[in-house]
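Each chain, letter by letter, is given below.
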Amino acid sequence: KLTPNYYQKTCPKFLDIMKETVAAKQQLTPSTAGATLRLFFHDCMIGGCDASILVASNAFNKGERDADINLSLSGDGFDVVTRAKNRLELECPGVVSCSDIIATAARDLVVLVGGPFYELGLGRKDSLVSRSVDAENKYPIPTMTMDQVINLFTSKGFTIQEMVALVGAHTIGFSHCKEFSNRLFNFSKTAETDPKYQPEFAAGLKKLCQNYQKDPSMSAYNDVMTPKKFDNMYFKNLKRGLGLLATDSLMFEDKRTKPFVELYATNESKFFEDFGHAMRKVSVSNVKVGKDGEVRNRCDAFNNLDTN
Ligand code: HEM
Ligand SMILES: [Ca+2]
Ligand SMILES: [Ca+2]
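Predicted model, so just to flag it, every value in this text is computed and none were measured.

Undergrad: Any chance you could explain the overall build of the protein chain here in plain terms?
TA: Looking only at helices and strands, one finds 12 helices and 2 strands in the protein chain. What you see in the protein chain, going N to C, is helices and strands ordered as α-α-α-α-α-α-α-β-α-β-α-α-α-α. Taking 19 Å as the expected radius of gyration for a compact globule of 308 residues, we find that the protein chain reaches 19 Å, a close match to that expectation. Taking the principal axes of its C-alpha atoms as reference, the protein chain extends roughly 60 × 45 × 40 Å. For the protein chain, the residues scored as buried account for 42% of the 308 residues in total. Relative to all contacts within the protein chain whose residues are 6 or more apart in sequence, the contacts with residues 24 or more apart total 78%.

Written as structure tokens, this is what we have:
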């Protein structure tokens, strides 16, 4: 139902405008790539990739973006989408959906920071609903067991290998201290810090996060070695005790995921290929076309403000 040249006639400059907009934004704000990649993933996890995550809350409706877990989404992801939408509305009003903008922005940013290009089908429609309750307890969190994480991804139709490839997104971006502080302070009766951490790494994180309760903005790079480059370093890190989140470390501990960590740590092209395929799969899951959705005029509001 989606096709790569969906906007060829109706908005021929779509791909160029996207590329230009994300490049300018990424240069201005290097955290944009990670922010947008996570925004895309979080959108697609709830009702498919339909820009439901962009809708602003109002007095009558609390939107998905205001679900607790989404409050940590960085504003740079939202901003790059708004910038692209503004330009596209001038070029071809009412034509390009916000969901296609998010998917394309995430793809172009992955490429921009060194990752693989993968072709995207286009023609998604934007959602007609966005409710924070739909997003509660629907995302993976670092305190989950591997059984829980695997159940979550396989229930959405992903294989364990696809899941491991997707989590390779943690090769860029950062996490707030509260997401891994349980591994640093009072970890267990016998260990102050999680023994899975490489000791120097743990010491560095403890120092970084010592005041995180007073300053909740404190955060660490997901990939301590090449934080801004999309590469397979994330997987190499896992083998050396440099996985930041508990679920990252588990990827190397659990026998169901470990073989894929080993594979991607030694074979970057295989990681790139599998990541591209898995991202395309994410990008089409549950997608809305035709009357199931609309092309929003503004990405943060439904066109008919009375419907919600
Ligand atoms: C086991 C599954 C996963 C868990 C538990 C998880 C958890 C997290 C957490 C807790 C953060 C830090 C958020 C913050 O403190 O602001 C984060 C960041 C991030 N996640 Fe994941 N995630 C998972 C899978 C994924 C997948 C599949 C993708 C994309 C395909 C992804 C992309 C990202 C990115 C890019 C960031 C950095 C965000 C930024 O720099 O603003 N994650 N993740
Ligand atoms: Ca969605
Ligand atoms: Ca990296």
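Undergrad: Any chance you could explain the packing of helix H3 (residues 75-91) against helix H4 (residues 98-112) here in plain terms?
TA: The description of two helices packed together rests on the angle between their axes and the distance between the axes. For the pair H3 and H4, the least separation of the axes is 10 Å and the interaxial angle reads 120°. One way to sum up the angle between H3 and H4 is to call them oblique. The way H3 lies across H4 gives a crossing that is right-handed. Only Cys98, Ile101, Ile102 and Ala105 of H4 make contact with H3, whose side of the interface consists of Val80, Val81, Ala84 and Lys85. Its residues assigned to classes, the contact of H3 with H4 comprises 7 nonpolar, no polar and 1 charged.

Undergrad: It is not clear to me how the domain arrangement of the protein chain should be interpreted in this structure. Could you clarify?
TA: Domains assigned within the protein chain are domain 1 (14-139 + 281-292) and domain 2 (146-277). The C-alpha centroid of domain 2 is placed 24 Å from the C-alpha centroid of domain 1. Taken together, the 14 residues of domain 1 in the interface contact 17 residues of domain 2. With 4 residues, the single largest contributor to the side of domain 1 that touches domain 2 is helix H2 (residues 32-45). Residues that form the side of domain 1 that touches domain 2 fall into these classes: 7 nonpolar, 5 polar and 2 charged.

Undergrad: What exactly am I supposed to notice about the UniProt feature "active site" (unreviewed entry) in the protein chain here?
TA: The UniProt record marks His42 with the feature "active site" (unreviewed entry), using the residue numbering of this structure. Inspection of the secondary structure assignment puts His42 in helix H2.

Undergrad: What am I meant to see in the nonpolar core here?
TA: Counting residues in each nonpolar core, the largest one holds 64 residues, and the members touching the most others are Val81, Ile102 and Ala105. A per-element tally of this core places H4 first, with 8 residues. Formed jointly, this core draws a minimum of three residues from each of two domains, domain 1 (14-139 + 281-292) and domain 2 (146-277). If near-sequence neighbours (up to four positions away) are discounted, Ile102 is found in contact with Leu39, Phe40, Asp43, Cys49, Ala51 and Val81. Counting residues in each nonpolar core, the second largest holds 10 residues, with Leu184, Ala202, Cys209 and Leu244 among its members.

Conventions adopted
- Residues numbered from 1 in each chain as written.
- Chains lettered and ligands numbered in written order.
- Predicted model: local features only at pLDDT ≥ 70, side-chain atom pairs only at ≥ 80, totals over all residues.
- Helix = DSSP H or I, 4+ residues; strand = E, 2+ residues; numbered from the N terminus.
- Rg over C-alpha atoms; globule rule 2.2 N^0.38 Å.
- Buried ≥ 20, exposed ≤ 12 C-beta atoms within 10 Å, placed from the backbone.
- Contact = placed C-beta atoms within 7 Å.
- Axes fitted to C-alpha atoms, helices over the stretch in contact; angles between N-to-C directions.
- Parallel < 35°, antiparallel > 145°, perpendicular 65-115°, else oblique.
- Left-handed = near helix turned anticlockwise from the far one by under 90°.
- Nonpolar A, V, L, I, M, F, W, Y, C, P; charged D, E, K, R; others polar.
- Domains from an automatic or database assignment.
- UniProt positions renumbered as here; feature names shortened; annotations may be inferred.
- Core = buried A, V, L, I, M, F, W, Y, C linked by C-beta atoms within 7 Å.

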